[in-house]
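Working through the structure, step by step
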Amino acid sequence: MPVHRPGPVRPRRLFLAGLLLTALSLVLAGPADAATKPARGAAHMGMGVLAHDGRAGAPAAHAVAQTEGVDVSGHQGDVAWSTLWSSGVRWAYTKATEGTYYTNPYFAQQYNGSYGVGMIRGAYHFATPDTTGGATQANYFVDHGGGWSADGRTLPGTLDIEWNPYGAECYGKSQSAMVSWIADFLNTYRSRTGRDAVIYTATSWWSDCTGNYAGFGSSNPLWIARYASDPGTLPAGWPYYTMWQYTSSGPTVGDHDKFNGALDRVQALANG
């Protein structure tokens, strides 16, 4: 009687093993990718500058007087303001809010502490245009520390609009929709405070996500982000910058900035 012999099984086993390895790699990749994204609320000024624009040297000497400043957020915790003052820092911005879901737990120490040592201070809002509207976020900002007072030492609030650390670069918005979102924020901030907010951004992000829109340059001071020997090409509509974040690795507090003018110009911006 003929004996039935089973055919070769090695190819089938290799195929199944390959499927298992592929599935395992997908399972492992999910948490790893998620781990690279920060927790909501953790964003801060310049978070994406190094990754997207890199670092290209230290600032060169400028003929025009400039005034040293810093920007801080919750990840710095309590800040040694007296040390910064002694080092020549004369103005500071503190993160107040993000979206409509986060307020900086160190805001009081940072915002009031800078003021207490003699600095001119302001607050900033990290925008998340994919979560709520511009007007809604402007109101949240003003209601949680982002207002303005005519005391001569409070700067207008800043809209920090830059790379999305939680997802798509432009928050899933078209260029025209992004411009509309920004306009809603700025218009609401002005109606609430009487001041035009500062815009903090990077030229490459602004070009990608607003189409290099030029319509805000006549009213909103520009705070440019670029870690290099000079601020580089500015976004359309701004013939000059008001502030420049030039490093994320400064002493005492990493994020250091230069105001484009002497201290009296910082005071002029505070006074409106």
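All of the points below concern the structure found in this document. (Residues numbered from 1 in each chain as written. Predicted model: local features only at pLDDT ≥ 70, side-chain atom pairs only at ≥ 80, totals over all residues. Heavy atoms only, no water.)

For helix H4 (residues 107-116), every residue scored as buried is listed here: Phe107, Gln110, Tyr111, Gly113 and Ser114. Elements in contact with the buried residues of H4: strand E2 (67-72), helix H3 (81-86), strand E3 (91-98), strand E5 (120-126) and helix H5 (134-146). Gly118 lies just past H4 and shows a positive phi near 110 degrees. (Buried < 20%, exposed > 50% of the residue type's maximum accessible area, 1.4 Å probe, protein only. Helix = DSSP H or I, 4+ residues; strand = E, 2+ residues; numbered from the N terminus. Contact = heavy atoms within 4.5 Å.)

Take the side chain of Asn104 next. With respect to the element layout, Asn104 can be found in the loop between strand E4 (102-103) and H4. Look at Asn104 and you get buried, because its relative accessible area is 6%. A distance of 2.9 Å separates a polar side-chain atom of Asn104 from the backbone oxygen of Lys95. A polar side-chain atom of Asn104 sits 2.9 Å from the main-chain amide nitrogen of Tyr106. (Polar contact = N/O pair within 3.5 Å; in protein donor to acceptor, adjacent residues only side chain to side chain.)

Turning next to the packing of helix H6 (residues 175-193) against helix H7 (residues 203-210). Between H6 and H7, whose axes approach to 7 Å, the crossing angle comes to 115 degrees. Put simply, H6 runs roughly perpendicular to H7. Note on element contacts: H7 touches H6 through Trp205, Trp206, Ser207, Asp208, Cys209 and Thr210, opposite Gln175, Met178, Val179 and Ile182. Broken down by class, the residue content of the contact of H6 with H7 amounts to six nonpolar, three polar and one charged. (Axes fitted to C-alpha atoms, helices over the stretch in contact; angles between N-to-C directions. Parallel < 35°, antiparallel > 145°, perpendicular 65-115°, else oblique. Nonpolar A, V, L, I, M, F, W, Y, C, P; charged D, E, K, R; others polar.)

Moving on to unusual backbone geometry. A positive phi angle, close to 60 degrees, is found at Asn212, a residue other than glycine. In this fold, Asn212 is placed in the loop between H7 and strand E8 (222-225).

Another point: the pattern of salt bridges. Counting across every chain of the model gives six salt bridges. We note a salt bridge from Arg192 to Asp143, for which the minimum N-O separation is 2.8 Å. Placement of Arg192 in helix H6 and of Asp143 in helix H5 is noted, with a sequence separation of 49 residues between them. Arg192 gets classed as partly exposed once you look at its relative accessible area, which sits at 38%. (Salt bridge = Lys/Arg side-chain N within 4 Å of Asp/Glu carboxyl O.)

Let's shift gears to the packing of H5 against H6. Taken N-terminus to C-terminus, the directions of H5 and H6 make an angle of 40 degrees; their axes are 7 Å apart at the nearest point. Classified by the angle between their axes, H5 and H6 sit oblique to one another. Like other packed secondary-structure pairs, H5 and H6 cross with a definite hand, here right-handed. Residues Gly134, Ala135, Gln137, Ala138, Asn139, Phe141, Val142, Asp143 and Gly146 of H5 lie in contact with H6, whose contacting residues are Trp181, Asp184, Phe185, Thr188, Tyr189, Arg192 and Thr193. When grouped by side-chain class, the residues that make up the contact of H5 with H6 number seven nonpolar, six polar and three charged. (Left-handed = near helix turned anticlockwise from the far one by under 90°.)

What follows is about the layout of surface pockets. In this structure, the largest pocket encloses a volume near 330 Å³. If you go around the largest pocket, you meet 16 residues; those closest to its centre are Pro221, Tyr240, Thr242, Phe259 and Leu269. Among the residues forming the lining of the largest pocket, the class breakdown is nine nonpolar, six polar and one charged. (1 Å grid on protein atoms, 1.4 Å probe; cavity = no way out; pocket = protein on both sides within 12 Å on 5 of 7 lines; lining within 4 Å. Points joined across faces, edges and corners; volume = space filled by probe spheres on them.)

If you look at the biggest cluster of nonpolar residues, it comprises 54 residues, and the most contacted ones within it are Trp91, Ile161 and Ile182. Of the residues forming this core, the biggest block, seven residues, is contributed by H6. Grouped together as the second largest cluster of nonpolar side chains are nine residues, Val72, Leu84, Ala92 and Val253 included. (Core = buried A, V, L, I, M, F, W, Y, C linked by side-chain atoms within 4.5 Å.)

A few words now on the pairing of strand E11 (residues 256-259). Residues His256 and Lys258 of E11 are buried on one face, and the alternating residues Asp257 and Phe259, pointing to the opposite face, are buried as well. Of the pairings in the sheet, the one linking E2 to E11 comprises four bridges and is antiparallel in character. Across the sheet, Gly69 pairs through a bridge with Asp257, a residue of E11. (Pairing = 2+ DSSP bridges.)

The next subject is the environment of Ala268. Take Ala268: it is sitting in helix H8 (residues 263-271). What makes Ala268 partly exposed here is its relative accessible area of 29%. When the C-alpha atoms of Ala268 and Leu155 are compared, they prove to be 9.3 Å apart, with 113 residues separating the residues in sequence.

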